[in-house]
Amino acid sequence: MAQFSTSVPTFLLALAVLLSTPFDATGQIVASERGRLEQTIDGTRVEIDYSRPSARGRTGLFGEVVPWGETWTPGANASTKLTLSKAVELEGEPVEPGTWGVWIELVEDGPWKVALHPDTSLFHTAHPPVSEGAYVVEVVPEQAPEFVETLQFSMPEVRGDGATLQLDWGRTRLSLDIAVESSTVLTVPPEEGRGLAGAWEFGTPGEDDGMPLTLRYDEPTERVLGEWTQGTEDYPVTMVRQAEGIYQLGFFVGDRIGEVINVWYFEFFDYQDGRPTAFEVRDTGDEIRFEGRRVGG
Amino acid sequence: MNDSISRRRFLSVAPLALVGTALGSRRVSAPIVRMDAHPEPRPGITADEVMTREQLEERAVEDRVREIFDMVREMPQIADGIDCYCGCAVRPGYRSLLTCYYADGMAAGCPICQGSAQLVHRRWKDGQSLERIRRAVDARYA
């Protein structure tokens, strides 16, 4: 009893110290803070959940901080997780939806092996062999144009049919191609597609602001391709069919479909010998925004 | 004509079309193109079964929607040749956009029925053929 009574002040003091100390770590600087990248690509949600280590003056990151031959999670602490809401192709490899642990076997002279591991609970010290990955793809790292202090995932290119997932740390960059199941139908029935081929010009009704649009039917791919000329630049485009004679305009990123302007409808009409001679561009409120006419071909 | 419309301008004004639209938003693109789903209008079809103004008032349907019912009453022979993409066609008693405006008043609470009717009415007033009107509906709702 005497022991207890003498310890009460000490206990209260300790309690006071504890209560004055923040339990929550959110107010503190934590090494390798957690980060997240989330991107929806034509209905497929892709999410990367990872810790973000910084270089902190360490210049030799790969080969020194992370030794060659090690299976490393691109992050820190708990393994980096990749969540896919639908099936995708990663570097051309079909990957099922779900959450995967991401691990990379670092190869000094050759492509790195990126493995998606079914166990997402592993700590970064687990180093599971890439052979245990459900999926393994090989990617050649490249030199980043600028030094990136804190490890970073990004998607610098999001297209209509996929995206580039990019990992940067220090001077090293790893780019992974993600292809999703696209809802965009690019093929056009041959007879209809051939009918659109030719030179067109369109602009705002009543204004002198027309611009050329040249279309052709690409028989091998069954697509209506073309160029929209603006000044001295030609923008490659494709006509994305919505109904017979009604299209939306799609732009390319490289040779892949990029964005589809889904608020404009190119509606072709005034058919002569089975080929349209005019079109209207209507918005989603069905107002006519542009008018076009065939000028050749 | 000169080349004064830039791609940037074209893309920058595009979202404006989303504001105040009577037709509402839709997905990025249509994966399925339906070309032959539209019913043939029944010969001699009238708007007799379309809900009346009085019926709509009893149900406290807002003025904006009542006006759409008015539009449908003007063109029963066209509305009966349009498939409604709200999915009602599979229900007993429904066959076309026109029937969405019948006595149970389903269209009073359906933005697809309302948007379709506005689109069809506008184009019918412009003198477009039923075939072209159908394609316009397909492009937006299929």
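It should be noted that the structure appears before, not after, this text.
The shown structure was predicted, so the numbers you read here are calculated from the model rather than taken from an experiment.

Give a detailed account of the environment of V65(A), specifying residues and quantitative values.
Residues and elements named next belong to chain A. Among the secondary structure elements, V65 is positioned in the loop between β2 (44-51) and β3 (71-72). Sequence separation of V65 and S154 is 89 residues, and the distance between their C-alpha atoms is 22 Å. In contact with V65, other than residues within four places in its own chain, are R58 and G60.

Outline the nonpolar core, listing residues and values.
Residues and elements named next belong to chain B. In this structure, V50, F69, C100, Y101, C113, V120 and V137 are the most contacted members of the largest nonpolar core, which totals 40 residues. Broken down by secondary-structure element, the contributors of at least two residues to this core are α3 (63-74), α4 (76-79), α5 (111-125) and α6 (130-141). Counting residues per element, this core draws most heavily on α6, which supplies 6 residues. Here V120 is in contact with M75, I78, I82, L97, I133 and V137, once residues within four sequence places are set aside.

So what's going on with the sheet that holds strand β13 (residues 211-218) of chain A? Which residues, and what values?
Strand order in the closed barrel made by the 8 strands is β12-β13-β14-β15-β16-β17-β18-β19 (chain A), with antiparallel pairing throughout. This sheet shows a mean twist of 35 degrees between the axes of neighbouring strands, independent of strand direction. In the sheet, strand β16 (residues 246-253) of chain A pairs with strand β17 (residues 256-272) of chain A via 6 bridges, with the strands oriented antiparallel. Residue pairing for β17(A): L249(A) is matched across the bridge by I261(A). In the packing of α6(B) onto the sheet, contacts are made with β15 (233-243), β16, β17 and β18 (275-282) of chain A, and the angle to β17(A) comes to roughly 175 degrees.

I'd like a description of α6(B), backed by residues and values.
If you check α6(B), its first and last C-alpha atoms are 16 Å apart, about what 12 residues at 1.5 Å a residue would give, namely 16 Å. With 11 of 12 residues buried, α6(B) is to be regarded as a mostly interior element. If you check which residues of α6(B) are buried, you get L130(B), R132(B), I133(B), R134(B), R135(B), A136(B), V137(B), D138(B), A139(B), R140(B) and Y141(B). Contact partners of the buried residues in α6(B): β15, β16, β17 and β18 of chain A together with α4 and α5 of chain B.

Explain the packing of α5(B) against α6(B) residue by residue, including any values.
Residue and element names in this part refer to chain B. Running from N to C, α5 and α6 cross one another at 145 degrees; their axes reach a closest spacing of 10 Å. Between α5 and α6 the crossing geometry is right-handed. Listed contacts from α6 to I112, G115, S116, L119, V120, R123 and W124 of α5 are R132, I133, A136, V137, R140 and Y141. A breakdown of the residues in the contact of α5 with α6 according to their chemical character gives 8 nonpolar, 2 polar and 3 charged.

Residues and numbers for the sheet that holds strand β5 (residues 88-90) of chain A, please.
All names here are of chain A. Strand order in the open sheet formed by 4 strands is β6-β5-β11-β10, and the pairing between neighbours is antiparallel. Bordering the open sheet on either side are β6 (93-95) and β10 (142-158), each of which pairs with just one other strand. Strand-to-strand twist in this sheet, taken as the mean axis angle between neighbours without regard to direction, amounts to 30 degrees. Sheet topology places β10 next to strand β11 (residues 162-180); 8 bridges connect them, and they run antiparallel. When the sheet's bridge partners are listed, V148 is paired in β11 with G170.

Could you give me a rundown of the packing of aromatic side chains, with the residues and numbers involved?
Across all of its chains, the model carries 20 aromatic pairs over all chains by this definition. For the pair W228(A) and Y235(A), a centre-to-centre distance of 6.2 Å together with 55 degrees between the ring planes defines the contact as tilted. Here W228(A) falls in the buried class, since its relative accessible area comes to 0%. The exposure class assigned to Y235(A) is partly exposed, which follows from its relative accessible area of 21%. Put simply, the rings of W200(A), F202(A), W228(A), Y235(A), Y247(A), F251(A), W264(A), F266(A), F268(A), F279(A) and F290(A) touch in pairs and so form one group of aromatic residues. If you follow R132(B) out to its NZ or CZ, it ends over the ring of F269(A), 4.4 Å from the centre. Directly above the ring of Y265(A) sits R140(B), whose terminal nitrogen or CZ lies 4.0 Å from the centroid.

If you had to explain the pairing of strand β14 (residues 223-230) of chain A to someone new, which residues and values would you point to?
Residue and element names in this part refer to chain A. β14 sits mainly inside the fold: 6 of its 8 residues count as buried. Judged from the 6 bridges that link them, β13 and β14 form a sheet pairing that is antiparallel. Its bridge partner lying in β14, L215 is registered against G226. Hairpin remark: β13 followed by β14, antiparallel, with 4 residues in the connecting loop; positive phi at E222, about 55 degrees. What sits between β14 and β15 in their antiparallel hairpin is a turn of 2 residues, with G231 showing a positive phi close to 60 degrees.

Go over the side chain of R134(B) with me, naming the residues and quoting the values.
Mapped onto the elements, R134(B) comes out in helix α6. Residues contacting R134(B), with those up to four places away along its chain left out, are H38(B), P39(B), E40(B), P41(B), G81(B) and I82(B).

Before we move on, can you summarise unusual backbone geometry with the specific residues and values?
Residues and elements named next belong to chain A. Phi is positive for E222, close to 55 degrees, though the residue is something other than glycine. Positionally, E222 belongs in the loop between β13 and β14. Positive phi outside glycine occurs at D286, with the angle close to 70 degrees. Looking at the element boundaries, D286 is found in the loop between β18 and β19 (288-296).

Here is what the cut-offs are and how they apply
Residues numbered from 1 in each chain as written. Chains lettered and ligands numbered in written order. Predicted model: local features only at pLDDT ≥ 70, side-chain atom pairs only at ≥ 80, totals over all residues. Heavy atoms only, no water. Helix = DSSP H or I, 4+ residues; strand = E, 2+ residues; numbered from the N terminus. Contact = heavy atoms within 4.5 Å. Core = buried A, V, L, I, M, F, W, Y, C linked by side-chain atoms within 4.5 Å. Buried < 20%, exposed > 50% of the residue type's maximum accessible area, 1.4 Å probe, protein only. Pairing = 2+ DSSP bridges. Axes fitted to C-alpha atoms, helices over the stretch in contact; angles between N-to-C directions. Expected span 1.5 Å × (residues − 1). Left-handed = near helix turned anticlockwise from the far one by under 90°. Nonpolar A, V, L, I, M, F, W, Y, C, P; charged D, E, K, R; others polar. Phe/Tyr/Trp six-rings, centres within 6.5 Å; stacked < 30°, edge-to-face > 60°. Lys NZ or Arg CZ within 6 Å of the ring centre and 35° of its normal.

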